[in-house]
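What follows is each chain in one-letter form.
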Amino acid sequence: MSALLRVRNLTKIYGEPGERTLEQTGPEWNSNICPETDSIVACAGVSFDLYPGEVLGIVGESGSGKSTVVKLLYFDMEKTAGSAWLRPYNDGRTNMLEASGQQKRYIRNHLMGTVYQNPRDGLNFSFSSGGNIAEKLIMAGSLHVGSIRERASFLLEKTEVPVRRMDDTPASFSGGMQQRVQIAKAIANNPPLLFLDEVTTGLDVSVQAKVLDLIRELQQELGIAMIVVSHDLSVIRMLTDRTLVMKHGRVVESGLTDQILQDPQHAYTQLLVSSLL
Amino acid sequence: MIENKKYKNSYNFAFIDESTKKEVRRKLLKAVAIPGYQVPYSSPEMPISRGWGTGGLHVTLAIIGREDIFKIIDQGSDASVNACNLREFVQAMTGCKTTYDTTEATLIQTRHRITEEELREDQIFVFQVPMPEPLRSVERYEYRTRQMHGEADYAKMWVSLYESFVRHGGIMRGADYPVKVNGRYIMAPSPIPRWDIPNLNQSKTLYLFGAGREKRLYAVPPYTTVEPLEFEDVRFTIEKFDNLCYKTGYRRAFLDELYLDDGSRHFVINDSNFLDKIEQGGEIKPFINPYIQQIEL
C-alpha cells in the first residue's frame, strides 16, 4: 500500500539562519534558538509517511513545533525547506508545498480539512454555522442553495449539532458546539486527510470525551486519515495508531503509540509519560 | 492673485494637464484589456472633493474631445445638483456642446443609473464609483482582496449571498449588485439599481468606471459577458414596481416613488430625459433584456 502523504525534511525557520543553525539547535542543545544568528528553528527535518485511514499523533510540549508541522502542511505558513506529496494530488508526483496559490487552495478545499484549537481560527463568526460549512462547499464548486443546505444539515446532524441552529452564528454556541461545527466544516467535502490541532484543549472533560468520541466515530465510519496534534497523551492514546514525539523542533522518537507509551526510549518521552496524571 | 500673462487660457483643455490625461488614458487601456480588473491610477486633484464624482470626471476629462457632445446624469436626472455642477464645469473647461438627449450625446457620465435608452457603439458611458471593491464587505484588508481577485477566490462573496438568503429569504442587494465580468473578475457595478445590471451584459457601448477617492479605474468593453452572481436555485431578479408611471402610464422603466403635496403616492419614470421624450411623444429606443421583457406592457 502506498502512502497517502509523504513528508520529507519539513523545516521552518524564523529569521536568517546561518550555516550552523541546524547543528546548534535541537534537543541536544536544549534550545531551538541559534546562538549565532538568533534565528528560531520552529521545526526541522521532520519526515514521515501517513497511510490511508491511519491516525498519526504528534505530541510534545508548547513550542516544540508540532502545530507548525500541521500549519505548514495545511499551507497556513510558508515552509523554509522540505517537500510533501499527497497521493490524490497529481498522483503524488508533485511536491504540494511548491504548488501555486490557486493549486494550494484546491488542495485545501478538496483534499484536506483542519480543525484548529481555537474555533475563531477555523470559523467565520459573522457567518451562520451553515454558512461556514457552505463556504467549504462553495469553494469546491457547489452553487445550489438547496443542496448546500441539505449537505450542511447532514453534516451538523453527523456532528451532533442541533440542525435547527444551522442559521445561528457560532458566536452564540458553546465551545464544544463550536468545535463540532468546525469538524463538520472540515469534513464537508469528504477529504481523505484531516488535521486536528489541539482540538480538545480548553474544553471541559465531559465535552472533551464527546468530541473525541465523535472524531473516533468519523474516523471509523469515513476512514479519513488524520494527523492529531496534542500535548495531551490521553488524547494521543485514545485516537492514534502511531506517534511522533517532538522537542525543540525535532522528532525525538517515533513508533506505535502503544509502544511509545509503554516503553518510551528517549529521555524526554520518558519524562512525558511519567508525568502523565 | 497672480495674473496669467503667459497663456491665453488659464487652464489646459479639459482642465487636467496633458501628461496626467495620458496616464489616465493608459490606465483605461489596461482596464479595457482586462475587463473588470481594477487598475490603480493617480486620481489628480480636482476643484471638487474626492468622492464627489472625481473618478468619473477624471475619465470624462481624459477622453473628451472638442467634437464630443456631453451628457451627465445623477440618479437618472439631468437636472440634479451634482449633474448640473459637473456639466457646467466640463462645459467651461472644454467648450464642448452639452445635451440632455441620450441619443444625441457621444459621451455620457452618470451617477447610479444607466439610461433607459439603449446605448450605441459610438457612445462611451462613464460611471462615478464610490466603492470599487466588491469584496470590501467580506474582506477588510486590501492586500487580501487583491490576492482573492488574483486567484479568483470568491467563496466569501458567495457565502455572503448565501447568508443574505438564509437571513432574509432573498439576496438583499438593492444597488451595487456584484457581477462577474467575462467569466473572471467579480466587479462592483457602482450603485446602479438591479434594474440596470442586465444592461451591462453584451452591451454595444463601452462602459468605463472611475473611483476617484479609491483611485481605481475599471471597464466593461462592448460585447462583454456580465453576469450577476446567482445560485442555481436562487436567481437574480430586477425590481418589481407593480405600478406604472403616473405621468405617462409607462411600465417598462425604473420608477421613482413620489409623495405629492396632497399625500398621494405615485410612481414616475426615473430617467428624466426618457420621461420627457415619452411625454413629448418622441421616438424612444429603450434597452431590451429578458428581465424587462417579462414585464407586461
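Draft legend 1. Looking closely at the overall build of chain A. Across its full length, chain A carries 10 helices and nine strands. Relative to the 2.2 N^0.38 estimate, which gives 19 Å for 277 residues, the radius of gyration of chain A is 19 Å and therefore close to what a compact globule would have. In terms of overall dimensions, chain A has C-alpha extents of about 60 × 45 × 40 Å along its principal axes. Across the 277 residues of chain A, 46% fall into the buried class.

Draft legend 2. Examining the overall build of chain B more closely. Looking only at helices and strands, chain B features seven helices and 12 strands. Its C-alpha atoms give chain B a radius of gyration of 20 Å, within 12% of the compact-globule value 19 Å for 297 residues. The principal-axis extent of the C-alpha atoms belonging to chain B is close to 65 × 50 × 35 Å. Look at the contacts in chain B between residues 6 or more apart in sequence, and 62% of them connect residues 24 or more apart.

Draft legend 3. Region of interest: the packing of helix 6 (residues 175-186) of chain A against helix 7 (residues 205-222) of chain A. Residues and elements named next belong to chain A. Between helix 6 and helix 7, whose axes approach to 10 Å, the crossing angle comes to 15°. Between helix 6 and helix 7, the angle is such that the two are roughly parallel. Classified by chirality, the crossing of helix 7 by helix 6 is right-handed. In this structure, helix 6 uses Gly-176, Gln-179, Arg-180 and Ile-183 to contact helix 7, whose residues at the interface are Val-207, Lys-210, Val-211 and Leu-214.

Draft legend 4. The arrangement of the sheet that holds strand 4 (residues 107-111) of chain B in detail. All names here are of chain B. Spatial ordering of the open sheet is given by 1-9-8-5-4-2-3, a layout of seven strands whose pairing is mixed. The outermost strands of the open sheet, each flanked by one partner alone, are strand 1 (39-40) and strand 3 (97-98). Pairing geometry for strand 2 (residues 69-74) and strand 3, over two bridges, is parallel. Looking at strand 3, one finds that Ile-69 is bridged to Lys-97. The strands that helix 2 (residues 54-63) touches are strand 4, strand 5 (124-128), strand 8 (206-211) and strand 9 (216-220); relative to strand 5, the one it contacts most, it runs at about 150°. Of the strands in this sheet, strand 2, strand 3 and strand 4 are in contact with helix 3 (residues 81-94), which crosses strand 2 at around 160°.

Draft legend 5. Region of interest: the sheet that holds strand 7 (residues 225-230) of chain A. Residues and elements named next belong to chain A. The six strands are arranged 5-6-7-3-8-9 in an open sheet whose pairing can be described as mixed. The open sheet has two edge strands, strand 5 (112-115) and strand 9 (250-256), and neither has a second partner. Averaged over all neighbouring strand pairs, the angle between strand axes comes to 15°, with direction disregarded. Note that strand 3 (residues 55-60) and strand 8 (residues 242-247) share five bridges and pair parallel. Each bridged residue has a counterpart across the sheet, and for Ile-58 the counterpart in strand 8 is Leu-244.

Draft legend 6. The nonpolar core, seen in detail. By size, the foremost hydrophobic cluster in this structure holds 83 residues, and its most contacted members are Ala-184, Leu-196, Ile-227 and Val-228 of chain A. Among residues more than four places away in sequence, those in contact with Val-228 of chain A are Val-55, Gly-57, Leu-196, Val-235, Ile-236, Leu-239 and Thr-240 of chain A.

Draft legend 7. Representation of the interface of chain B and chain A. Each side of the interface is counted separately: chain B has 13 residues, and chain A has 17 residues. Split by residue class, the side of chain B that touches chain A holds eight nonpolar, no polar and five charged.

Draft legend 8. Structural detail: the domain arrangement of chain B. Once the domains are mapped, chain B shows domain 1 (18-135 + 178-227), domain 2 (136-168) and domain 3 (241-282). Just the C-alpha atoms count here: the centres of domain 1 of chain B and domain 2 of chain B sit 25 Å apart.

Draft legend 9. The arrangement of the packing of helix 4 (residues 129-139) of chain A against helix 6 of chain A in detail. Residue and element names in this part refer to chain A. Here helix 4 crosses helix 6 at 25°, and the two axes come no closer than 8 Å. Relative to helix 6, the element helix 4 lies roughly parallel. By crossing handedness, the relation of helix 4 to helix 6 is classed as right-handed. Touching Ser-129, Asn-132, Ile-133 and Lys-136 of helix 4 are Val-181, Ala-184 and Lys-185, all from helix 6. Split by residue class, the contact of helix 4 with helix 6 holds three nonpolar, two polar and two charged.

Draft legend 10. Examining the pairing of strand 6 (residues 193-197) of chain A more closely. All names here are of chain A. In terms of burial, strand 6 is largely enclosed, as five of its five residues are buried. Covered by surrounding structure in strand 6 are Leu-193, Phe-195 and Asp-197 together with Leu-194 and Leu-196, the residues of both alternating faces. Pairing geometry for strand 5 and strand 6, over four bridges, is parallel. Bridge pairing in strand 6 places Val-115 opposite Leu-196. Across five bridges, strand 6 lies against strand 7 in parallel orientation. Paired with Phe-195 across the bridge in strand 7 is Ile-227.

Draft legend 11. Seen up close, helix 5 (residues 155-168) of chain B. All names here are of chain B. Its 14 residues give helix 5 an end-to-end C-alpha distance of 20 Å, which sits within 8% of 20 Å, the value for a rise of 1.5 Å per residue. For helix 5, the full list of buried residues reads Ala-155, Met-157, Trp-158, Val-159, Ser-160, Leu-161, Tyr-162 and Glu-163. Positive backbone phi, approximately 80°, marks Gly-169, located one or two places after helix 5.

Draft legend 12. Here's a closer look at helix 5 (residues 145-158) of chain A. When the terminal C-alpha atoms of helix 5 of chain A are compared, their 20 Å separation across 14 residues agrees well with the 20 Å that a helix rising 1.5 Å per residue should span. Of all the positions in helix 5 of chain A, only Ile-148, Arg-149, Arg-151, Ala-152, Leu-155 and Leu-156 of chain A are classed as buried. Take helix 5 of chain A and look down its axis: the buried residues cluster within an arc of 165°, on one side only. Of the exposed residues in helix 5 of chain A, those oriented more than 90 degrees away from the buried face are Gly-146 and Glu-150 of chain A. Among the structural elements, helix 4 and helix 6 of chain A together with helix 5 of chain B are those in contact with the buried residues of helix 5 of chain A. Within two residues after helix 5 of chain A, Glu-160 of chain A carries a phi angle of roughly 60°, on the positive side.

Draft legend 13. Structural detail: the environment of Asp-258 of chain A. Note that Asp-258 of chain A resides in helix 9 (residues 257-262). Separated by 144 residues in the primary sequence, Asp-258 of chain A and Thr-114 of chain A have C-alpha atoms spaced 25 Å apart.

Draft legend 14. View of unusual backbone geometry. One non-glycine residue, Glu-160 of chain A, lies in positive phi territory at about 60°. Along the chain, the position of Glu-160 of chain A falls in the loop between helix 5 and helix 6. One non-glycine residue with positive phi stands out, namely Lys-215 of chain B, at about 60°. Relative to the elements of secondary structure, Lys-215 of chain B occurs in the loop between strand 8 and strand 9.

Basis of the calculations
Residues numbered from 1 in each chain as written. Chains lettered and ligands numbered in written order. Predicted model: local features only at pLDDT ≥ 70, side-chain atom pairs only at ≥ 80, totals over all residues. Helix = DSSP H or I, 4+ residues; strand = E, 2+ residues; numbered from the N terminus. Rg over C-alpha atoms; globule rule 2.2 N^0.38 Å. Buried ≥ 20, exposed ≤ 12 C-beta atoms within 10 Å, placed from the backbone. Contact = placed C-beta atoms within 7 Å. Axes fitted to C-alpha atoms, helices over the stretch in contact; angles between N-to-C directions. Parallel < 35°, antiparallel > 145°, perpendicular 65-115°, else oblique. Left-handed = near helix turned anticlockwise from the far one by under 90°. Pairing = 2+ DSSP bridges. Core = buried A, V, L, I, M, F, W, Y, C linked by C-beta atoms within 7 Å. Nonpolar A, V, L, I, M, F, W, Y, C, P; charged D, E, K, R; others polar. Domains from an automatic or database assignment. Expected span 1.5 Å × (residues − 1). Arc of directions from axis to C-beta.

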